[in-house]
Amino acid sequence: MTLLPGVRSATVDTDRLRTHYLEAGAGATLVLLHGNLSTGRFYEHLMPALAQRYRVLAPDMRGFGDTEPKGLDATRGLGDWADDLAALLRALDLTDPPHLVGWSTAGAAIATFAKAHPVASLTFLDPVSPYGYGGVRADGTPVHPDFAGSGGGGANPEVVERLAAGDTSADSPASIRAVMRALYWAPTHQLPSDREDVLVAEVLKTLTGPDGYPGDATSSPNWPGAAPGTRGILNALSPRYCHWADIVDLDPKPPVLWTHGTADLVVSDASPLDFGVLGAAGVVPGWPGAADFPAQPMVTQIRRVLEDYAARGGRVRVEMFEGSGHGPHIDAADRWLAVLEDFLRTT
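Quick look at the structure, then.

Under the definition given, this model contains eight aromatic pairs. With a centroid separation of 6.3 Å and 85° between ring planes, the pair formed by tryptophan 103 and tyrosine 184 is classed as edge-to-face. Taken together, the residues span a long stretch of sequence, with tryptophan 103 in strand 5 (residues 99-103) and tyrosine 184 in helix 5 (residues 176-184) at a distance of 81 residues. The exposure classification of tryptophan 103 matches that of tyrosine 184, with both residues buried. Following the ring pairs from residue to residue traces out a cluster consisting of Phe42, Trp103, Tyr184 and Trp185. One Lys or Arg, lysine 253, reaches over the ring of tyrosine 309 and ends 5.9 Å from the middle of that ring.

Put into structure tokens, the structure is as follows:
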């Protein structure tokens, strides 16, 4: 593995699983947690600068990258990821409260970690909604009692097939290269070809199937016909199990930074991955209408929960990245890094 100067690759056996991570620098602990269908290398370009003041860790989370490919118990939400992070910090003998950054899926993981462990700060980077992903109304209540419209049954089967086959092409909109270009960052942002190749190869290390991506599923009499199962990453993100709105009850409350791309298509008030949006567009037939299955206003939900957090005494900083997609730390890297460093200096 060829890494940027100052960035090291390591593997450690924790009391939960063998974890691979990138590391750089020395000082206060700063952990950068990746999201779904990615790895720690999606932060590598930021690590040399951050290493001037922090000991930076970017682990590959369970089910992804070079970490031991153990299955994920979705009924714990992102609890497995939170506990794996705690195990990593124990194995490295890092006892001070860490600064945590959580991208997308990992937003729920760092919130879950903070409910059980002291943290120095929390940075939510285009996080999953506090009420999980799909099949909920604006107030977080489920559209259907079985949470149909969320979980592993909603994955595009061609994406799963191409991941399992190691497809590096851009021949189909379902290839991971095409998915990254369309959804991970702004469509106007083009990675250097060699860097794109690195990140495609990283995503292709994903554990696929019922224990990983997308997870298992159960049939449902409710539209669109599938409800979450109990294993794998997409079920862990289902509102049946994923819930971090109770972060408002933390005491003490660590400082919070929320950064979000205004052109994010993954976590959005009108995400094209949301069955409420797909149904309204006629992509998925049989949609019962907005009254019965509305689009999930994900960004609005995040904003409301963090406003409540602030109203209860927490310090919250919000930075919207105009024109950025789901990864402003990539398509607006210089500004995003500056915002993070400024936030960390004030915590």
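When helix 6 (residues 193-203) is considered as a whole, its buried residues turn out to be Arg195, Glu196, Leu199, Val200, Glu202 and Val203. Buried residues of helix 6 fall within an arc of 160° about the axis and therefore sit on the same side. With respect to the buried face of helix 6, the exposed residues turned more than 90 degrees away are Ser193 and Asp194. Residues of helix 6 that are buried sit in contact with helix 4 (157-165) and helix 5.

Turning our eyes to something else, we now look at the packing of helix 2 (residues 79-91) against helix 3 (residues 105-116). Where helix 2 contacts helix 3, the axes come no closer than 8 Å and their chain directions differ by 65°. Handedness of the crossing formed by helix 2 with helix 3: right-handed. Facing Gly79, Trp81, Ala82, Leu85, Ala86 and Leu89 of helix 2, the residues of helix 3 in contact are Thr105, Ala106, Ala109, Thr112 and Phe113. Split by residue class, the contact of helix 2 with helix 3 holds eight nonpolar, three polar and no charged.

Next up on the list: the pairing of strand 5. Extensive coverage of strand 5 is indicated by the burial of five of its five residues. The two faces of strand 5 match: His99, Val101 and Trp103 on one face and Leu100 and Gly102 on the other face are all buried. Summarising the sheet, strand 3 (residues 28-33) and strand 5 pair through four bridges and their orientation is parallel. The partner of leucine 32 across the bridge, within strand 5, is valine 101. Bridge count between strand 5 and strand 6 (residues 121-125): five bridges; the pairing is parallel. Among the inter-strand pairings, valine 101 is bridged to a residue of strand 6, identified as threonine 123. Regarding the hand of the β-α-β motif, the stretch spanning strand 5, helix 3 and strand 6 is right-handed.

Okay, the side chain of glutamate 23 next. Relative to the helices and strands, glutamate 23 is located in strand 2 (residues 18-24). A polar side-chain atom of glutamate 23 sits 2.5 Å from a polar atom in the side chain of arginine 55. For glutamate 23, the contacting residues outside a window of four places in its chain are Gly6, Val7, Arg8, Met47, Arg55, Val56 and Leu57.

What counts and what doesn't
Residues numbered from 1 in each chain as written. Predicted model: local features only at pLDDT ≥ 70, side-chain atom pairs only at ≥ 80, totals over all residues. Heavy atoms only, no water. Phe/Tyr/Trp six-rings, centres within 6.5 Å; stacked < 30°, edge-to-face > 60°. Helix = DSSP H or I, 4+ residues; strand = E, 2+ residues; numbered from the N terminus. Buried < 20%, exposed > 50% of the residue type's maximum accessible area, 1.4 Å probe, protein only. Lys NZ or Arg CZ within 6 Å of the ring centre and 35° of its normal. Arc of directions from axis to C-beta. Contact = heavy atoms within 4.5 Å. Axes fitted to C-alpha atoms, helices over the stretch in contact; angles between N-to-C directions. Left-handed = near helix turned anticlockwise from the far one by under 90°. Nonpolar A, V, L, I, M, F, W, Y, C, P; charged D, E, K, R; others polar. Pairing = 2+ DSSP bridges. Right-handed = clockwise from strand over helix to strand, strands pointing away. Polar contact = N/O pair within 3.5 Å; in protein donor to acceptor, adjacent residues only side chain to side chain.

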